[in-house]
Amino acid sequence: MRLLEVAAGTGRFHTFIKEWKALRQPGKALGGVDHTGVEFMQMAAEKLDVPDASFDIVVCVYLFHELPEAVRRKAVAEMFRVLKPGGLCVLTDSTQLGDRPEWDNLVANFGKFDEPWYVSFINHKLGETFQAAGFQPHTKYVSSATKTLSFLKP
């Protein structure tokens, strides 16, 4: 199974991969960084230099609020392109307007902290963007100021 993380977010996801490897594959060298099977590549999310249908899972942590809307749409199209049929795409980012209605009058304030695309992000209909790219909605979880959405590639 191949997993692609688009953007490193907080960087903690690799720590979880290392923990998984230690628990599930002790003593097995999987190649890549730290023998976890991980390789790092630097490229734009909207132009992934990897073959079509080459990954089973794509994850993206805290990137979308950093991107202008047009780039978000291109990044979603690229995630769809690189996933195999039946693949899973998981996006974790900030909550948006309507996710926690009691916070709707405050959430845009985060955009004042040198976050030029944040207000655009909290208004962006992510589900519609993923569906327009061909994805099927799967799950939605909201915890504190973070939400995680998953989508399937038919």
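As a reminder, the structure under discussion sits directly above these lines.
Residues numbered from 1 in each chain as written. Predicted model: local features only at pLDDT ≥ 70, side-chain atom pairs only at ≥ 80, totals over all residues. Heavy atoms only, no water.

1. Re the nonpolar core
Among the nonpolar cores identified, the biggest contains 28 residues, and Val6, Val58, Phe64, Met79, Phe130 and Phe135 are the most heavily contacted of them. Of all the elements in the fold, those that place two or more residues in this core are β2 (55-61), α2 (69-82), β3 (83-94), α3 (118-123), α4 (126-132) and β5 (146-152). In terms of residues, this core owes the most to one element, α2, which gives five residues. Not counting the four nearest positions on each side in its chain, Phe64 is found in contact with Arg72, Ala75, Val76, Met79, Leu91, Asp93, Phe121, Leu126 and Phe130. (Core = buried A, V, L, I, M, F, W, Y, C linked by side-chain atoms within 4.5 Å. Buried < 20%, exposed > 50% of the residue type's maximum accessible area, 1.4 Å probe, protein only. Helix = DSSP H or I, 4+ residues; strand = E, 2+ residues; numbered from the N terminus. Contact = heavy atoms within 4.5 Å.)

2. Let's talk about the packing of aromatic side chains
The full count for this structure, using the stated rule, is eight aromatic pairs. With 6.3 Å between their ring centres and 40° between their planes, Tyr118 and Phe121 make a pair best called tilted. Separated by three residues within a single helix, Tyr118 and Phe121 lie in helix α3, roughly one turn from each other. When its relative accessible area of 0% is taken as the criterion, Phe121 is described as buried. Where Phe130 meets Phe151, the ring centres are 4.1 Å apart and the plane angle is 5°; that geometry is what we call stacked. With a gap of 21 residues between them, Phe130 in helix α4 and Phe151 in strand β5 connect regions that are remote in the sequence. Looking at Phe130, the relative accessible area reads 0%, which means it is buried. Taking the relative accessible area as the measure of exposure, Phe151 reaches 2% and is therefore buried. (Phe/Tyr/Trp six-rings, centres within 6.5 Å; stacked < 30°, edge-to-face > 60°.)

3. Description of the pattern of salt bridges
Tallied over the full model, the rule gives seven salt bridges. Across the pair Lys140 and Asp99 runs a salt bridge, and its minimum N-O distance is 2.7 Å. Separated by 41 residues along the polypeptide, Lys140 in strand β4 (residues 136-143) and Asp99 in the loop between β3 and α3 bring together distant segments of the chain. Close ionic contact of Asp99 with Lys147 constitutes a salt bridge, the shortest N to O distance being 2.9 Å. Here Lys147 lies in strand β5 and Asp99 lies in the loop between β3 and α3, a separation of 48 residues in the sequence. One exposure class covers both Asp99 and Lys147, and it is buried. Members of the salt-bridge network, linked through shared partners, are Asp52, Glu78 and Arg81. (Salt bridge = Lys/Arg side-chain N within 4 Å of Asp/Glu carboxyl O.)

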